[in-house]
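Structural characterization, general
Listed here are the chains, written in short residue letters.
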Amino acid sequence: MFRRFWLVARWVFVVLVFFYIALVLYSYPHDHKERIAKTAVSKIETQKLTMDDVDGSHLPPPFNPNAIDATLVGIDANGNGIRDDVELAIFAAYPTSTVIRAAELQYAMELQMEFTDVFDSTTLVAVLQQEGRGYLCISNDVRAKEVEAQVFNTKEREEYREGMLKKYMTSFGTDPSEVCDVQL
Amino acid sequence: MRAQVFLVLALLLALTPSLASALCTNDGATVVYVNGILTSLADAKNDLFALENRFYGDGGSKDVSFKMGYNPSHLDGYGDELQSVTQALGSPISDYDLDTILEQIAPDVETRKLLLLGHSQGTFYTNEMYDYLVHNGVPPESISVYNLATPANAVEGDGTYLTSGNDKLVNQVRVWDAEAGAPGPLPANILIPPQPGDDTDIYGGHHFVEDYLAGAAPRIVSDIDASLAKLTAEGTSSDTCFKTPSLGLVYDAQKTAFSLADPAVVGVDSVASKATSAAESALSAVASAGSALTQVVNAGIADAVFSVFPKPDAQNAGTAFSVEKALYGSSLTEADYEALLNGQDLPEEESAPLPSKPQPKQPTLSHQDLSPPPIQPVAQPVPQKVAASTTSSLPAAISISPGFGGGGGGNVAIAAAPLPAVENPESEATSSQVAEQSQDPEQVESSPSDDETSDTVATSTASTTPDLGPEQQPTLPTCGPATLSTKGDFFSSDKDQADYSAAGFLVYHFENTEDGKFTLTWNYFDDECNTSGPVDTHNPLSLTLPSGVLGWSVRFTSMTHFDVWDDQNNLIIGSYDIPAQLPVYTSIAFDGGNFDSSDDVSSFVSRGLKIFGTGEPPSFTNSGPTPAGCPSISATGYFFDPSYENAEYVGGLLRVHLRFLTPYNDGRHFNAEGLALTSNCSFPFLSFGFAPPQTSLTPFIRYYSFRMASSTHWILWDDENNLQVHCTSCEGDIASGTPLVSFFASVDGNASTLRMTPFPPTSP
């Protein structure tokens, strides 16, 4: 009796396991995509401006004007996430105001992520949330637009942005806490 | 065997994705911003950021979070155009965007207290969202609506709104609605001064950041605070704050249709032929995506229908308008669309209430709750049957509307041909709605006439004109004489009636005892009824009333323009452009003269009434006590006002609100400097010597402020227009750790000087 029960139960168990494996395999691509997005979001959220970026000790070398706009991403020789021409322009505009410089550099870094880190709606939302922090850190609509004009300075970059936003557009929320990466 | 089974199970469990769900709590609050149409995501997110910036910058609670409920454009805005029209009538043709917004914001909303904040067409969605949410389990006490620049005729729930009298698009919608017999937008309840560029922008005054936030941020923040303060939330935490709409096959098909059709129609406005071609592509795409589904056809093809029509130019504006009018009055069936698509004329229908949904509610907001209060009629009309002089005409640009956008602008075609003047019963009705607050407007008769034409183009400013006897003179605050006074026998003192148009501007009616020529001049007053200076060096307007005409009126259409009307024939007989942007609290008094009579000279002097009914100077609370041992504000001479100083700390930074004396701020330059003082208030020797004056503020404003933008940087701010002033000496730095800061200014050498009370630059 027990043997017969075990025989049936074993088949039931095997069938359940089979369906479970099938479900996992079916959802794997989606889960895999989610994990990639999660990793990318984590990267977006952890990329912060540092004091070295603000005080000028980490400035990029002079850039080649022809090369800087040759690609959408441009050149970031010092690898701090801010395109070199934008970084140098902000330093030139605000040589004495560390507070304004820090805020604008942060916003420029976050806007640059639209070129480097967005590949779906999840990553777009993450970048937009970071941009919200940068914007609030600047606390000045005119200066925020000033940075946007510097980052999206060519027709190609503007069109890329427009297309990307249209492709992945969605609703999103922002977090008002700790808006400035560098506390001054 | 067992070990193997457990191993397999453990492995499978490890691979299973973890699920986490947000909690809905009673703490904090969420503001959901819904943009207008033709607003790109880039512009919409900047709108949101700017709103947050102003909210938190003005000390808003960090417990309040902001979410974007993105309202995308479809078919290059044409789809939204149709959607807007049907929304205006309370029967939206498609719930696709509404469902999408609700679906998208649901995971982000983690508080029960919810404020839906819409701008432009987004205000239709906030109203619809409120309606959906309260009918799907959200307690009305925990949710509210606050709408800006709303073309809607109501705010759901106990919501409030803010619409500027200078909002050209909303004012245009009033005319369109009046033409279609549709309920018009809520009356204007604020006058936001035009911002740079608004004069040449046909949708000037409507933009979210450039107009509303730039000109009325303190009021908007205050309104948001007030709306949030009224919300209450109870109950235990739950996984979600609201139930999202069930999105079925129809929604998916619509999504597919839009994803195919939207890119195909982008840029159709450039060339008419391109428009037709793109539209055909769009229609083809929509049809292939789901032609079998009636609702897809309704939503998709209906949204595509306008793309068949090129955006109108001067020649076909009338056709476009008739299409709009037909749509206003129709219930939009597939047969209509087919007729349109086949180039057939739609039969024009009389406007009628839509059967599918209840008509939009009349304003539900409490006018008493608004601060400052909304437009109130200056006159106290008594029930009396009169013919309302409500002639208005359409502005020159009539096209298939770009819709109710404005957050970021859009590619819109502008038609330039003037269209015939039309009656505007709606503005009258709206005015009457306000009048209803205080008296019975029954028997007020309007005389709309579609056939009536006028060569003169003006915007809608009409209002009711009940006759008043002298005993009904208004008692509202006036500058100058309390009543109209006359001398001689040409002008009558029996009629002294004033009202405000739906857009909020003064309409002042007069009467003469005989027709003929007279001159009209005027004077301006500030908020304290001081006579303003030489704003304009105008010559008197020379006016002539046609034979037999006695009644005439002055009607403002903005802070910078008024027309003089022959009330009997509803014709404009004179116009004037004020060459300066005066503050919104400015009052005006008219006087006139008749010199034709050989034996004596007749004249009149009117009351001084506000040009914009609710225009008030900015108001601040003085919460910064003078540090012990420091002198209070002092000023000498004619320019700076020593009687006004309000200090406060916002976000921990000092703001000291100051005022000029009237009438001397004509934009002239003066010297200014932020002073870093020691803790014992020791002032340095104060003199600018021969330094050239390099500071100037917006001409004709009185209210400005000295503000710390950071602990070491000061700026000057135009408090009336809520703008930072940019000039050579309009900002500067002080040393870090400075205990006290003051502001010193002088004009014309030392003819007039100001020394502000010293305050700590940051919150003590």
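About the thresholds
Residues numbered from 1 in each chain as written. Chains lettered and ligands numbered in written order. Predicted model: local features only at pLDDT ≥ 70, side-chain atom pairs only at ≥ 80, totals over all residues. Heavy atoms only, no water. Helix = DSSP H or I, 4+ residues; strand = E, 2+ residues; numbered from the N terminus. Buried < 20%, exposed > 50% of the residue type's maximum accessible area, 1.4 Å probe, protein only. Contact = heavy atoms within 4.5 Å. Areas by Shrake-Rupley, 256 points an atom, 1.4 Å probe, with all protein chains shown as cover. Pairing = 2+ DSSP bridges. Axes fitted to C-alpha atoms, helices over the stretch in contact; angles between N-to-C directions. Polar contact = N/O pair within 3.5 Å; in protein donor to acceptor, adjacent residues only side chain to side chain. Salt bridge = Lys/Arg side-chain N within 4 Å of Asp/Glu carboxyl O. Nonpolar A, V, L, I, M, F, W, Y, C, P; charged D, E, K, R; others polar.

**Considering the overall build of chain B**
A count of helices and strands for chain B gives 13 helices and 29 strands. By residue count, 57% of the 764 residues in chain B fall in the buried class. Nonlocal contacts in chain B, meaning residues at least 24 apart in sequence, comprise 74% of its contacts between residues at least 6 apart. Counting only carbon and sulfur atoms, one obtains 53% of the accessible surface of chain B, whose full area is about 29,200 Å².

**Notes on the pairing of strand E16 (residues 561-566) of chain B**
Every regular strand shows the same layout, with side chains that alternate between the two sheet faces. All names here are of chain B. Burial analysis of E16 places six of its six residues in the buried class, the great majority of the element. Taken together, the six bridges between strand E15 (residues 551-558) and E16 define a ladder with antiparallel strand orientation. Residue pairing for E16: Val554 is matched across the bridge by Val564. Where E15 folds back on E16, the antiparallel hairpin that results is connected by two residues. Where E16 folds back on strand E17 (residues 571-577), the antiparallel hairpin that results is connected by four residues, among which Asn570 adopts a positive phi of roughly 55 degrees.

**Describing the sheet that holds E16 of chain B**
Residues and elements named next belong to chain B. What the five strands build is an open sheet, ordered E11-E12-E15-E16-E17; its pairing is antiparallel. Across the chains shown, the open sheet's two edge strands, defined by having one partner strand only, are strand E11 (497-500) and E17. On average, each strand axis in the sheet is tilted by 20 degrees relative to the strand beside it, whichever way the strands run. Where E11 and strand E12 (residues 506-511) come together, four bridges link them in antiparallel fashion. From the neighbouring strand, Asp499 faces E12, where its bridge partner is Val507.

**Quick look at the side chain of Thr695 of chain B**
All names here are of chain B. Its place among the elements puts Thr695 in the loop between strand E23 (671-677) and strand E24 (703-708). The buried category is assigned to Thr695, whose relative accessible area is 0%. Of note is the side chain of Thr695, whose polar atom sits 3.0 Å from the backbone oxygen of Ser729. Leave out the neighbours within four places in its chain, and Thr695 touches Arg668, His669, Phe670, Asn671, Ala672, Leu716, Cys727, Ser729 and Cys730.

**Structural notes on helix H4 (residues 96-105) of chain B**
Here H4 of chain B lies mainly inside the structure; eight of its 10 residues are buried. Considered for burial, the residues of H4 of chain B that qualify are Tyr96, Asp97, Leu98, Asp99, Thr100, Ile101, Leu102 and Ile105 of chain B.

**Observations concerning the interface of chain B and chain A**
The interface of chain B with chain A comprises 35 residues on the first partner and 31 residues on the second. Remark: the boundary between chain B and chain A carries four salt bridges. As a salt-bridge pair, Arg54 of chain B and Asp141 of chain A come within 2.5 Å of each other at their nearest N and O atoms. On inspection of chain B and its partner chain A, the count reaches 14 residue pairs in polar contact (both at pLDDT 80 or more). Those elements giving two or more residues to the side of chain B that touches chain A turn out to be helix H1 (2-15), helix H2 (41-57), strand E2 (64-69), H4 and helix H7 (208-229) of chain B. At 11 residues, H2 of chain B tops the list of elements feeding residues into the side of chain B that touches chain A. Taken together, the residues of the side of chain B that touches chain A break down into 20 nonpolar, seven polar and eight charged. Examined bridge by bridge, strand E1 (residues 172-173) of chain A and E2 of chain B share two bridges and lie antiparallel to one another. Bridged to Phe172 of chain A within E2 of chain B is Met68 of chain B.

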